[in-house]
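Fold and contact review
Residues per chain, in single letters:
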Amino acid sequence: MKVLKLHPLMTISLLQMQMQRLLSCNVAVYVRHSLANAFDTLKDAGFAEDNLVEFPIDETLSLREFEEELEDRFNFTLELCNKDNKPFMNKSQHLFQIASATSQDRQDERNYQLDISLDMLTNKNRQAPPSYLI
């Protein structure tokens, strides 16, 4: 099962990396009806939760249903896009239909990088600042 991990301090670019890994597509996120900056956080986009949320993805949902479910549950607007960042025109296609095959090596590398970033957000791997900064 694929699980979307969301945190209020997660940047839009980290969410985009996660969507690439999970669904092999891009995502556009909107802040007050304008396209969000890659460095905006999910909190900036309207995410109301205070902690890390793990959201299981039901790949039998249509793109429209998935987008609406996230908007209703987490208060931010997103639109799934193809690899050229153009929104999918057929919103009735199912999530499992948009996934494409990728090489296992590249997928493992992206998973590792994403997990490190999520751990940093939850302060599990917080390192002390260098001594010259104290």
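To start, this report covers the structure provided alongside it. (Residues numbered from 1 in each chain as written. Predicted model: local features only at pLDDT ≥ 70, side-chain atom pairs only at ≥ 80, totals over all residues. Heavy atoms only, no water.)

1. Looking at the sheet that holds strand β3 (residues 34–35)
An order of β3-β2-β5 is seen for the 3 strands of this open sheet, with the pairing classed as antiparallel. Here the strands that pair on one side only, and so sit at the sheet edges, are β3 and β5 (77–81). When strand β2 (residues 26–31) meets β5, the two strands line up antiparallel, connected through 5 bridges. Counted as the bridge partner of Val 27 is Leu 80 from β5. Here helix α1 (residues 12–23) sits on the sheet in contact with β2 and β5, set at roughly 150 degrees to β2. (Pairing = 2+ DSSP bridges. Helix = DSSP H or I, 4+ residues; strand = E, 2+ residues; numbered from the N terminus. Contact = heavy atoms within 4.5 Å. Axes fitted to C-alpha atoms, helices over the stretch in contact; angles between N-to-C directions.)

2. Side note on the pattern of salt bridges
On inspection of all chains with the given rule, the structure shows 3 salt bridges. Across the pair Glu 59 and Lys 2 runs a salt bridge whose closest N-O atoms are separated by 3.3 Å. Placement of Glu 59 in the loop between β4 (53–56) and α3 (63–74) and of Lys 2 in the segment before β1 (3–6) is noted, with a sequence separation of 57 residues between them. On the basis of relative accessibility, which here comes to 24%, the residue Lys 2 falls in the partly exposed class. The partner of Glu 67 in a salt bridge is Lys 91, and the shortest N-O contact between them spans 2.9 Å. Highlighted residues: Glu 67 in helix α3 and Lys 91 in the loop between β5 and α4 (95–98), separated in sequence by 24 residues. (Salt bridge = Lys/Arg side-chain N within 4 Å of Asp/Glu carboxyl O. Buried < 20%, exposed > 50% of the residue type's maximum accessible area, 1.4 Å probe, protein only.)

The values reported here are purely geometric and, on their own, carry no functional implication.
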